[in-house]
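These are the residues of each chain, in order.
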Amino acid sequence: GVLYLKDFAVLVTDSSGNPVANQSLNVSVSPNRYDKGRWFKSPIGAAFKAWVPKYSTLASDVTCISEDTNKNGILDSGEDLNADKQLTPGNIASVERTITGGADGIAYFTLTYPKEMAAFVTVDVTVSGIASGTENVYSRPLVLDYDSADTTKEEVRPWDSPFGVDATTDTGDDSATAFTSVA
């Protein structure tokens, strides 16, 4: 497939740690940051085990923060920092908007995103709900994960970052030592 689907569970409890049944929750996902880079063979100097992502270390690439600073999904004035006429990385992941927990206080949702974004994008996943008149919000950054099965075939190099590898040079050697920054 071309997408990854990652399942999550949320446990809703009261102040005593008891499950809250049938709680309705709102879920959202928004881009946080992105990286330039590509995959290299690992380990270096030994029998191949897996491809590993290596990120650009050029100073201008290290802080590739999401351009959607107000998180409204719209390209607003002053947000297009790389002048590509779109928000980078953009809204590249989705979740169910509303979920409801079961009798055990557990609610489930699925994060869906394109494979080529895996390892190169960090998103913020936020879950919120109202209990006893108080809104509770929990958010955490999450690097989009990849399936190890996509990185263990030596003859098949995984995808490059969709945001580029232009700040690096690849000497033709697939080992991580070949990944060096250029000015």
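A brief structural summary. (Residues numbered from 1 in each chain as written. Predicted model: local features only at pLDDT ≥ 70, side-chain atom pairs only at ≥ 80, totals over all residues. Heavy atoms only, no water.)

1. Some words on the overall build of the chain
Phase 1 of the analysis: A tally of helices and strands in the chain yields one helix and 10 strands.
Phase 2 of the analysis: Scanning the chain from its N terminus toward the C terminus, one meets helices and strands in the order β-β-β-β-α-β-β-β-β-β-β.
Phase 3 of the analysis: For the chain, with 183 residues in total, the buried portion stands at 39%.
Phase 4 of the analysis: When contacts within the chain are restricted to residue pairs at least 6 apart in sequence, those whose partners lie at least 24 apart make up 65%.
Phase 5 of the analysis: Put simply, the chain shows about 10,200 Å² of open surface, and 52% of that area lies on carbon and sulfur atoms. (Helix = DSSP H or I, 4+ residues; strand = E, 2+ residues; numbered from the N terminus. Buried < 20%, exposed > 50% of the residue type's maximum accessible area, 1.4 Å probe, protein only. Contact = heavy atoms within 4.5 Å. Areas by Shrake-Rupley, 256 points an atom, 1.4 Å probe, with all protein chains shown as cover.)

2. Thoughts on the environment of Val156
Phase 1 of the analysis: Take Val156: it is sitting in the loop between strand E8 (134-143) and strand E9 (168-170).
Phase 2 of the analysis: Look at Val156 and you get partly exposed, because its relative accessible area is 45%.
Phase 3 of the analysis: In this structure, the C-alpha to C-alpha distance between Val156 and Trp51, residues 105 residues apart in sequence, is 9.1 Å.

3. Here's the deal with the pattern of salt bridges
Phase 1 of the analysis: Here the structure, examined in full by the defined rule, presents six salt bridges.
Phase 2 of the analysis: Salt-bridge contacts for Lys41 lead to Glu154; the nearest nitrogen and oxygen are separated by 3.3 Å. In this pair, Lys41 sits in strand E3 (residues 37-42) while Glu154 sits in the loop between E8 and E9, placing the two residues 113 residues apart along the sequence.
Phase 3 of the analysis: Here Lys71 and Asp124 are joined by a salt bridge, their closest N and O atoms 2.9 Å apart. (Salt bridge = Lys/Arg side-chain N within 4 Å of Asp/Glu carboxyl O.)

4. A closer look at the pairing of strand E7 (residues 121-131)
Phase 1 of the analysis: With nine of its 11 residues buried, E7 lies for the most part within the structure.
Phase 2 of the analysis: Two strands pair when backbone bridges link them, and strand E2 (residues 24-34) and E7 are joined in this way by eight bridges, in the antiparallel orientation. Across the sheet, residue Tyr34 finds its bridge partner in E7, namely Val121.
Phase 3 of the analysis: From the end of E7 to the start of E8, which pair antiparallel, there are two residues, and Ser132 there has a positive phi angle of about 55°. (Pairing = 2+ DSSP bridges.)

5. Observations concerning unusual backbone geometry
Phase 1 of the analysis: A cis amide bond links Ser42 with the next residue in sequence, Pro43, at an omega value of -5°.
Phase 2 of the analysis: Residue Pro89 is reached from Thr88 by a cis peptide bond, and omega for that bond is 5°.
Phase 3 of the analysis: Here Pro89 lies in the loop between helix H1 (59-62) and strand E5 (98-100).
Phase 4 of the analysis: Phi is positive for Lys71, which is not a glycine, with a value near 55°.
Phase 5 of the analysis: Judged by its relative accessible area of 44%, Lys71 is partly exposed.

6. What to know about a nonpolar patch on the surface
Phase 1 of the analysis: Where nonpolar side chains cluster on the molecular surface, the patch consists of Val2, Leu3 and Leu5 and spans about 320 Å² of accessible area.
Phase 2 of the analysis: On the secondary structure map, Leu5 appears in strand E1 (residues 3-11).
Phase 3 of the analysis: With a relative accessible area of 59%, Leu5 lands in the exposed category. (Patch = residues over 30% accessible without salt bridge, like charges linked within 9 Å, V, L, I, M, F, W, Y side chains within 5 Å.)

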